[in-house]
Amino acid sequence: MEPQRSARSAPNFSVRSEQHANSFRSSFTSSFTTSLGRTSRSAESLTGSAPGLRMLTGDRPTGYLHLGHYFGTIRERVRLQQEGIEAFLVLADYQVITDRETTGRIREFVGGAVLDYLAAGLDPDTATIFTHSAVPALNQLLLPFLSLVTETELHRNPTVKSELEASGRSLSGLLLTYPVHQAADILFCKANLIPVGKDQLPHVELTRVIARRFNERYGRIFPQPEAVLTSTPELPGLDGRKMSKSHGNAIALSMTEDETAAIIRRARTDSEKRITFDPVNRPGISSLLMTAAMCRDTTPEKLADELGNSGASALKSVTTDAVNDFLAEHRRLRREFSEDPDLVRHVLERGNRRANEVANSTLAEVRDAMGMTY
Ligand code: TRP
């Protein structure tokens, strides 16, 4: 049955999200580069080549999406979508249990991510937003793909190594092999472009290896996907460490203005009046500067000059205003979408149905190429 979007959100939906996305357009300063120096092209060069291109990317629903995600990849996704590139977005629910025991508040975080995608301007009429667990054929691709990599290759993955260390647990079979599962996320829909943060580059590289080996052994089915990195520097958390919900240093896109003010107020700074951008010696001050500068589309150095001798509390209030202004429209749309009790379910039903069609067709090709048709 075709899911009905509610009367309230349906008619203007794409128009509104498009307008919102356009308002961000002018602030896009990132250039379009692909990973590992292999290729690099400008956003302009993509115009016209868009019809043949498809992006796949996604998030692990272990918490609410934050500003780091926004500047790292979400903004890039919206921009690529505006270039006419078809988007597939996976809410990687099976990746949640790579480094923890249970799925926790997974339903809440999946729903929250869908709302953030829509509020950021991703259009569910053209984008396929889906969850791993609802697409059996995608998961089945893991079996032939696992045969294409060695245990040594899996153990060498630097992202897996640091996730293992951070987890404080022993290495689970899923943590070791999830990069292969992620290759299935990318290859089931034959995606060419993978907008990600740089920590994901080893996984994209492994995906290329898997695609190449599959094609060599069984015949050409898969493209060679390329990572898309933004040239925007990575936004650190409020304490200067990597922004992460588990560090308590992340500004979630869904926070209220007051919650934003409170978390910024709690950030550790120093008593030196002069504001300078010095990430090594003044991590707290510097990450506030970075946060405010990225929201205001300026540089942390310029902002530090502007603030002069005004001290940490002035910096905190400038940062709070910068974040709250930058996210005002996102939060307004997010709130509006969240008032529709059926919206998230309908978006996922539609995305999961489409992802299943695509995955079933790719799996049929794979089984055919492997001689497994009975
Ligand atoms: N591992 C990614 C992250 O932690 C999320 C993800 C899952 C992903 N599958 C993907 C990203 C496929 C890009 C492509 O952020």
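Residues numbered from 1 in each chain as written. Predicted model: local features only at pLDDT ≥ 70, side-chain atom pairs only at ≥ 80, totals over all residues. Heavy atoms only, no water.

*Asks:* I would appreciate a short explanation of helix α4 (residues 106–120) in the present structure.
*Replies:* Residues lying three or four places apart along an α-helix face the same way, a consequence of the helix completing one turn every 3.6 residues. For α4, which comprises 15 residues, the first-to-last C-alpha distance of 21 Å matches the rise-based estimate of 21 Å (1.5 Å per residue) to within 8%. For α4, the buried fraction is high: 13 of the 15 residues fall into the buried class. Where α4 terminates, the next one or two residues include G121, which has phi positive at roughly 115°. (Helix = DSSP H or I, 4+ residues; strand = E, 2+ residues; numbered from the N terminus. Expected span 1.5 Å × (residues − 1). Buried < 20%, exposed > 50% of the residue type's maximum accessible area, 1.4 Å probe, protein only.)

*Asks:* What's the story with the packing of helix α11 (residues 257–265) against helix α14 (residues 311–338) in this structure? I'm lost.
*Replies:* Angle between the axes and distance between the axes: these two values describe a pair of packed helices. Where α11 contacts α14, the axes come no closer than 10 Å and their chain directions differ by 150°. Here α11 lies roughly antiparallel to α14, going by the angle between them. Judged by the sense of rotation from one axis to the other, the crossing of α11 with α14 is right-handed. Here α11 contributes E257, T260, A261, I264 and R265 to the contact with α14, which in turn contributes K316, T319, T320, V323, N324 and R331. Among the residues making up the contact of α11 with α14, the classes are represented as 3 nonpolar, 4 polar and 4 charged. (Axes fitted to C-alpha atoms, helices over the stretch in contact; angles between N-to-C directions. Parallel < 35°, antiparallel > 145°, perpendicular 65-115°, else oblique. Left-handed = near helix turned anticlockwise from the far one by under 90°. Contact = heavy atoms within 4.5 Å. Nonpolar A, V, L, I, M, F, W, Y, C, P; charged D, E, K, R; others polar.)

*Asks:* Would you explain the pairing of strand β6 (residues 226–230) in this entry?
*Replies:* It is a general feature of regular strands that their side chains alternate between the two faces of the sheet. Buried residues dominate β6, accounting for 5 of its 5 residues. Side chains E226, V228 and T230 project from β6 onto one buried face, and the interleaved A227 and L229 project onto a second face that is buried too. Both strand β5 (residues 193–195) and β6 contribute to a ladder of 3 bridges, which runs parallel. Paired with I194 across the bridge in β6 is A227. Each parallel crossover has a hand, and the one from β5 via helix α10 (residues 201–218) to β6 is right-handed. (Pairing = 2+ DSSP bridges. Right-handed = clockwise from strand over helix to strand, strands pointing away.)

*Asks:* Explain the nonpolar core to me, please; I cannot follow it from the model alone.
*Replies:* The nonpolar side chains of soluble globular proteins are, as a tendency, buried together. By size, the foremost hydrophobic cluster in this structure holds 62 residues, and its most contacted members are L67, F71, L91, I129, I251 and L289. If you list the elements that add at least two residues to this core, you get α3 (67–82), β3 (86–91), α4, α11, α12 (283–296), α13 (300–307), α14 and α15 (343–369). Per element, the largest residue contribution to this core is 9 residues, and it comes from α4. With residues near it in sequence (within four places) discarded, I129 still touches L89, L91, V114, Y117, L118, V347, L348, G351 and N352. If you look at the next biggest cluster of nonpolar residues, it comprises 39 residues, including A137, L154, A211 and A359. (Core = buried A, V, L, I, M, F, W, Y, C linked by side-chain atoms within 4.5 Å.)

*Asks:* In this structure, what is going on with the site of the ligand? I would like to understand it.
*Replies:* Looking at the ligand, the residues that line it are L56, T57, G58, V90, A92, Q95, Q182, D185, I186, I194, V196 and Q200. Q95 is positioned such that a nitrogen or oxygen atom in its side chain is 2.9 Å from a nitrogen atom of the ligand. Here a nitrogen atom of the ligand sits 2.9 Å away from a polar atom, N or O, in the side chain of Q200. A total of 370 Å² of accessible area belongs to the ligand in isolation, and the protein chains cover 90% of it. Elements represented by at least two residues in the shell around the ligand include exactly β2 (54–59) and α9 (173–187). Each residue belonging to the shell around the ligand can be placed in one class, and the counts come to 6 nonpolar, 5 polar and 1 charged. (Near = heavy atom within 4 Å. Polar contact = N/O pair within 3.5 Å; in protein donor to acceptor, adjacent residues only side chain to side chain. Areas by Shrake-Rupley, 256 points an atom, 1.4 Å probe, with all protein chains shown as cover.)

*Asks:* Even after reading the chapter, I still don't get a negative patch on the surface, so can you show me in this structure?
*Replies:* Taken together, the side chains of E257, D258, E259, D321 and D325 make up a negatively charged region of the molecular surface. Listed by contribution, the elements that provide at least two residues to the negative patch are α11 and α14. Looking at the element boundaries, E259 is found in helix α11. Residue class for E259 comes out partly exposed when judged on its relative accessible area of 44%. (Patch = residues over 30% accessible without salt bridge, like charges linked within 9 Å, V, L, I, M, F, W, Y side chains within 5 Å. Salt bridge = Lys/Arg side-chain N within 4 Å of Asp/Glu carboxyl O. Lys, Arg positive; Asp, Glu negative; His and termini not counted. Charge placed at Lys NZ, Arg CZ, Asp CG, Glu CD.)

*Asks:* Please explain the pattern of salt bridges as it appears in this structure.
*Replies:* Opposite charge on two side chains lets them pair, provided their charged atoms get close. Enumeration according to the criterion identifies 21 salt bridges in this entry. Here R79 makes a salt bridge to E76, at a shortest N to O gap of 2.6 Å. Taken together, the residues span about one helical turn, with R79 and E76 both in helix α3 at a distance of 3 residues. Using a relative accessible area of 5% as the deciding quantity, one classes R79 as buried. Since its relative accessible area comes to 2%, E76 is described here as buried. Notably, a salt bridge pairs E234 with K198, separated by 2.9 Å at the nearest N-O pair. One end of the pair, E234, is in the loop between β6 and α11; the other, K198, is in the loop between β5 and α10, with 36 residues separating them in the sequence. For E234, a relative accessible area of 46% puts it in the partly exposed group. In this structure K198 comes out as exposed when scored by relative accessible area, which is 55%. Each member of the salt-bridge network shares a partner with another, and the members are R54, E86 and R354.

Keep in mind these values describe shape, not function.
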